[in-house]
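# Breakdown of the fold
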Amino acid sequence: MTSTQDCIAVLNAGSSSIKFALYDAHAEGDLLFRGQIEKLGLAPHLIARNAAGAVVAERSWSDGGLDHHAATAAIMALGREMLAGRPVIAFGHRVVHGGVDYAAPVRVDAAVMADLAKLIPLAPLHQPHNLAPMAAIAKAAPHLPQIACFDTAFHRTQPALAQEFALPREITASGVRRYGFHGLSYDYVVRQVRKTLPLPTDAKLVVAHLGNGASLCAVRDGRSVASTMGFTAVDGLVMGTRTGALDPGVLLYLMQERGYDAGKIEDLIYRRSGLLGVSGLSSDMRTLRQSRAPEAGEAIALFVYRIVREIGSLAAAMGGLDAIVFTAGIGENDAATRAEVAEGCRWLGLELDEVRNQRGDRCISVTGAKVSAWIVPTDEERMIARYTSETLAG
Ligand code: ADP
């Protein structure tokens, strides 16, 4: 039994930041406040806002040395202060990789922690950071339930073929397969689509999660059928600093002819490529849109070109397309990207309404378009809170 005072805390830990959110454990789980500590290890800065967006806490650390454990402790201390005695009954965590076994959120215990740690080699840039706050909380509050929510889980419904590389069976069997990511976002968006949009439940959708990380997901009957991210979150679309799909022969060439080792390749494909690499200017879409440099325009054009080609590929995987749903920083806010993507999808029957698109309406296609287009804001933290209370309730 929970009391009306109970709260659920959500942590979404990345390499240099931890996002957090606190929700009422009841009703539709009203947001109490959310925020983040960013620039961990550099110049840590915490900011928290209430549901109306007003800043309710702000703090900086001058020593720079705040690690994920200390940052988690700082967030827990802030929670205690802000909640004034209201109890946190569970923590929900974003975990990038659940491997083949974790197809749903799970309550964390020592065995689960050990399992998830085994997946670190599959997501070395994310998984260790996701797990660090869990360990910190398990130590500080061992009886508090912690729920791990996976970015890969939503994609476990994909047909076997969509998850397979054309590799020797033994390598596939060892776990080298397409997992897909951004699943928390897709699950949230698809639930919103089914709850609020006038589309048939068996609609063939492409959801476009376009943020710093970017991917597309083909959704049929509310389930993931295929996605652009694969074994890692570097596959698929051009991203802020990631290459997206890259001929593996390029990597061999760089190793054999230009002396790249694994570390240098990792840096290249995750941190120095994408919009940043092509523009030579920035990974940030707003900066590129404001720039007159031809390289900025080229980076955007390549970003859009790859999205349009992959939408065609996902439509083929579903045998058709009824609607495109835009979400995340660029998808929700950048009307120009939406218009350019839509122009490339005109042949599929997509026609945007310019005014609706500029205004950022929920429906942005013309009335009667064969393929409709929508904006649905994502909320990964809210999804984690929902999973957490569902898992607690059994
Ligand atoms: P993350 O993957 O880090 O969560 P976001 O979903 O916040 O990223 O997306 C960040 C991207 O969204 C950046 O490229 C940023 O420039 C872009 N973005 C945010 N607001 C706007 C806007 N108003 N116009 C254009 N791009 C925007």
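A brief structural summary. (Residues numbered from 1 in each chain as written. Predicted model: local features only at pLDDT ≥ 70, side-chain atom pairs only at ≥ 80, totals over all residues. Heavy atoms only, no water.)

### What about the sheet that holds strand β9 (residues 204–210)?
The strand order across the open sheet formed by five strands is β11-β10-β9-β12-β13, and the pairing between neighbours is mixed. Single-partner strands in this sheet number two, and they are β11 (223–227) and β13 (372–375). Pairs of neighbouring strands in the sheet enclose a mean axial angle of 25°, with direction left out of account. As defined by bridge partners, β9 adjoins strand β10 (residues 214–220) across seven bridges and the pair is classed as antiparallel. Pairing of L210 across the sheet is with A214, part of β10. Relative to β9, helix α5 (residues 183–196) is tilted by about 130°, and along the sheet it contacts β9, β10 and β12 (323–327). (Pairing = 2+ DSSP bridges. Helix = DSSP H or I, 4+ residues; strand = E, 2+ residues; numbered from the N terminus. Axes fitted to C-alpha atoms, helices over the stretch in contact; angles between N-to-C directions. Contact = heavy atoms within 4.5 Å.)

### Examining the site of the ligand
Close to the ligand lie K19, G211, N212, G213, D284, M285, R286, A328, G329, I330, N333 and D334, which account for all nearby residues. Contact between the ligand and N212: an oxygen atom at 3.0 Å from a side-chain N or O atom of the residue. Here an oxygen atom of the ligand and a backbone polar atom of I330 are 3.3 Å apart. Relative to its unbound accessible area of 580 Å², the ligand is 71% covered by the protein chains. Secondary structure elements with two or more residues in the shell around the ligand: α9 (285–290) and α11 (328–333). Sort the elements by how many residues they give to the shell around the ligand and α11 lands first, with four residues. Per-class residue counts for the shell around the ligand are three nonpolar, five polar and four charged. (Near = heavy atom within 4 Å. Polar contact = N/O pair within 3.5 Å; in protein donor to acceptor, adjacent residues only side chain to side chain. Areas by Shrake-Rupley, 256 points an atom, 1.4 Å probe, with all protein chains shown as cover. Nonpolar A, V, L, I, M, F, W, Y, C, P; charged D, E, K, R; others polar.)

### So, the nonpolar core
Judged by nonpolar contacts, the single largest core of 58 residues is most densely connected at L116, L210, F303, I311 and L321. With eleven residues, helix α10 (residues 294–318) is the single largest residue contributor to this core. The contacts of F303, once residues within four sequence positions are left out, are L210, A214, V238, L275, M285, I330 and T337. Within the second largest apolar cluster, 30 residues are counted, among which are A21, V193, A385 and Y387. (Core = buried A, V, L, I, M, F, W, Y, C linked by side-chain atoms within 4.5 Å. Buried < 20%, exposed > 50% of the residue type's maximum accessible area, 1.4 Å probe, protein only.)

### What to know about the side chain of T228
Tracing the backbone through its elements, the reader meets T228 in the loop between β11 and α6 (248–258). Here the side chain of T228 touches L216 through a polar contact of 3.0 Å, landing on its backbone nitrogen.

### Brief notes about the pairing of strand β5 (residues 55–60)
The side chains of a regular strand alternate, first on one face of the sheet and then on the other. Here five bridges tie strand β4 (residues 45–50) to β5, and the two strands are oriented antiparallel to one another. Looking at β5, one finds that L46 is bridged to R59. The turn linking β4 back onto β5 is made up of four residues, and G53 within it adopts a positive phi angle of 95°.

### Topic: the pattern of salt bridges
Applying the stated criterion across every chain yields a total of 18 salt bridges. Residues R178 and D235 are paired through a salt bridge, measuring 3.2 Å at the closest nitrogen-oxygen approach. Within this pair, whereas R178 is found in the loop between α4 (169–173) and α5, its partner D235 is found in the loop between β11 and α6, the two being separated by 57 residues in sequence. Note that R356 is salt-bridged to D353, the shortest N-O span being 3.7 Å. Judged by its relative accessible area of 21%, R356 falls in the partly exposed class. Taken together, the shared-partner salt bridges in this structure form one network comprising E266, D267, R271 and R272. (Salt bridge = Lys/Arg side-chain N within 4 Å of Asp/Glu carboxyl O.)

### As for unusual backbone geometry
Peptide bonds are, in most cases, trans, and in most cases residues other than glycine have a negative phi. Positive phi outside glycine occurs at D221, with the angle close to 55°. By the secondary structure assignment, D221 is in the loop between β10 and β11. We classify D221 as partly exposed; its relative accessible area is 42%. Despite not being glycine, A328 shows a phi value in the positive range, around 75°. Of note, A328 is situated in helix α11.

### Description of the packing of helix α2 (residues 110–118) against helix α3 (residues 127–140)
For any two helices packed against each other, one specifies the inter-axial angle together with the distance between the axes. Axis separation between α2 and α3 bottoms out at 10 Å; the angle between their running directions is 160°. Taken together, the axis directions place α2 and α3 in an arrangement best described as roughly antiparallel. When the axes of α2 and α3 are compared, the crossing they make is left-handed. For the pair formed by α2 and α3, the contact residues are M113, L116 and A117 on the first element and Q127, L131, M134 and A135 on the second. Its residues assigned to classes, the contact of α2 with α3 comprises six nonpolar, one polar and no charged. (Parallel < 35°, antiparallel > 145°, perpendicular 65-115°, else oblique. Left-handed = near helix turned anticlockwise from the far one by under 90°.)

### Describing the packing of aromatic side chains
For the structure on display, the rule yields two aromatic pairs. Summarising the aromatic geometry, the rings of Y179 and F231 are spaced 6.4 Å apart at their centres and angled 35° between planes, so their arrangement reads as tilted. Of this pair, Y179 sits in the loop between α4 and α5 while F231 sits in the loop between β11 and α6, placing them 52 residues apart in sequence. Residue class for Y179 comes out buried when judged on its relative accessible area of 2%. Under the relative-accessibility criterion, F231 is labelled partly exposed at 24%. (Phe/Tyr/Trp six-rings, centres within 6.5 Å; stacked < 30°, edge-to-face > 60°.)

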